[in-house]
Amino acid sequence: MYDVLVIGGGAAGFYAAIHIAENRDNTKIAILERGKEVLTKVKVSGGGRCNVTHAEFNPSELSKNYPRGEKELLGPFHTYASGDTVGFFEDRGVTLKIEEDGRMFPVTDSSQTIIDCFLTEAARLGIEVKTLCAVSGIELSEENKNLWKVKVGDNAFLTKKLLLATGSNPKMWSYVQALGHTIVRPVPSLFTFDIKDERISKIPGVATHAEVQVLPNRINSNKKSKIKQDVSGLISDGPLLITHWGMSGPAILKLSAWGARLLEQNNYQFKVQVNWVPDYHKNGLLELFLKVKEVEKKTVLRTKVVDLPKRLWANLVKAAHIKDDMTWPEVSKQQLIALADQLTAGIFQVNGKSTFKEEFVTAGGVDLKEINFKTYQSKLLPNLYFAGEIINVDAITGGFNFQNAWTGGYIAAKGVVEDLNTNVELE
Ligand SMILES: Cc1cc2nc3c(=O)[nH]c(=O)nc-3n(C[C@H](O)[C@H](O)[C@H](O)COP(=O)(O)OP(=O)(O)OC[C@H]3O[C@@H](n4cnc5c(N)ncnc54)[C@H](O)[C@@H]3O)c2cc1C
């Protein structure tokens, strides 16, 4: 019999358990983890460095990084956000540093620092950590409807409060669904685009700042107007990386996150329009080219007049049917229009997706409408709490996914503690 059982020994589960134990003495808490090890995702996160959070300290700006959860997380972030996470780790001797793009990592550049911090805290606070403990069922106890019965193999544990922090686990979602909760169908988020195209072939590793927009999908022309409306927001800008398979980098990953559901509906077959020189529109760029044409005598290939990697410029010049030895005076206005078009509005066909450095999150999970975000408690069932990726929240890359786990873990812990204290008063 436990006061609190936390299912899932990941980021959210540990954060919640530590905050419960820290804020309430004599509370019997266990974390049940199905794996041999705990915190395995933390271990591999951020390429082994663990991108703990993001240096965005304004709650409303922070919430804008969550394609699912933007509205619902605003309140929770006013209670607990990145600054509080930094404080939590600082208090335990773990200093975080901010990188140029705002991502925050432990100064050790090792995710093991975060794991050690959690394991030390759990031991200090007397939290039982039970590994190889896969939960195979949850139900309200027949004898006492205020208690949860948690099945592990042939055994069962009873608990007053149950906190589910099992991440994107389909089995746990099915148990929760059987209890009456709605599960928003899971689809992958944070993926790169598979593109086979001469303009970006043979130049993997080339990176530049670009603006990318998903275009209405002609395959679904019968539903064109709806899809047009849906994708109108699917535009992003940022660093774009050309890979062996297509396009990656923050500009693409952002689109994959915001468009996760829509792009899945289109079976990952769609077109993107890329502006490789976002400072320019087509006409402005053409004007620049016409001026250059009057003064420049060298070949177009060798006179890169915009800020762009050389090899990409060469590919786009070729795509505009401008020969390698053609000089500016020789090139026609029509060809310059074609080049301006390639540079500001190049269209690429996407045929599928690939994972990004093995890093992915799942969009979908427990329906946000069924969670009270003041406590992360189920609105449908008593004494049941959720935290982390199990709920229908996910973010773009940059430390935001862990911040969801920390914020949910903290607020659920607060809810559990308040509830346990109230029950004691009533008893
Ligand atoms: C390779 C990779 C790198 C990433 N890097 C970053 C990063 O640097 N920064 C960032 O913000 N996000 C990153 N993410 C996303 C981030 O890891 C997740 O959003 C985060 O781990 C979610 O935490 P969670 O506690 O909700 O779930 P998880 O960390 O997935 O933990 C859930 C735990 O529950 C356990 N479990 C599941 N079912 C059961 C069951 N039935 N019984 C018992 N235990 C169960 C699982 O074994 C697991 O240990 C990365 C993801 C991946 C895949």
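Up top is the structure these notes are about.
Since the model is a prediction, treat every value here as computed from it, not as a measurement. (Residues numbered from 1 in each chain as written. Predicted model: local features only at pLDDT ≥ 70, side-chain atom pairs only at ≥ 80, totals over all residues. Heavy atoms only, no water.)

S.K.: Sorry, what's going on with the overall build of the protein here?
M.R.: Helix and strand content of the protein: 14 helices and 21 strands. If you line up the protein on its principal axes, its C-alpha atoms span 90 × 50 × 35 Å. Going through the 427 residues of the protein one by one, you find that 52% of them count as buried. Across the protein, the fraction of contacts at a sequence separation of at least 24, relative to all contacts at a separation of at least 6, is 76%. (Helix = DSSP H or I, 4+ residues; strand = E, 2+ residues; numbered from the N terminus. Buried < 20%, exposed > 50% of the residue type's maximum accessible area, 1.4 Å probe, protein only. Contact = heavy atoms within 4.5 Å.)

S.K.: Can you help me understand the pairing of strand β9 (residues 155–164) in this one?
M.R.: A regular strand places its side chains so that they alternate between the two faces of the sheet. When strand β1 (residues 2–7) meets β9, the two strands line up parallel, connected through five bridges. Residue Val6 lies in a different strand from β9, and its bridge partner there is Leu163. Where strand β8 (residues 148–152) folds back onto β9 in an antiparallel hairpin, the turn is made up of two residues, including Gly153, whose phi is positive at roughly 60°. As paired strands, β9 and strand β21 (residues 384–386) are joined by three bridges and run parallel to one another. Pairing of Leu164 across the sheet is with Phe386, part of β21. (Pairing = 2+ DSSP bridges.)

S.K.: Can you walk me through the state of the cysteines in this structure?
M.R.: Joining two cysteines, a disulfide is a covalent bond between their sulfur atoms. Using the criterion set out here, one finds zero disulfides in the structure. Free cysteine Cys117: the closest other cysteine sulfur is in Cys50, separated by 11 Å. Given the relative accessible area of 7%, Cys117 is considered buried. (Disulfide = S-S within 2.5 Å.)

S.K.: Got a minute to help me understand the packing of helix α12 (residues 310–319) against helix α13 (residues 333–345) in this structure?
M.R.: In the contact formed by α12 and α13, the axes pass within 8 Å of each other and the chain directions differ by 130°. Judged by the angle between their axes, α12 and α13 are oblique. Handedness of the crossing formed by α12 with α13: right-handed. In this structure, α12 contributes Trp313, Leu316, Val317 and Ala319 to the contact, and α13 contributes Leu339, Gln342 and Leu343. Taken together, the residues of the contact of α12 with α13 sort by class into six nonpolar, one polar and no charged. (Axes fitted to C-alpha atoms, helices over the stretch in contact; angles between N-to-C directions. Parallel < 35°, antiparallel > 145°, perpendicular 65-115°, else oblique. Left-handed = near helix turned anticlockwise from the far one by under 90°. Nonpolar A, V, L, I, M, F, W, Y, C, P; charged D, E, K, R; others polar.)

Function cannot be read off these values alone, since they describe shape.
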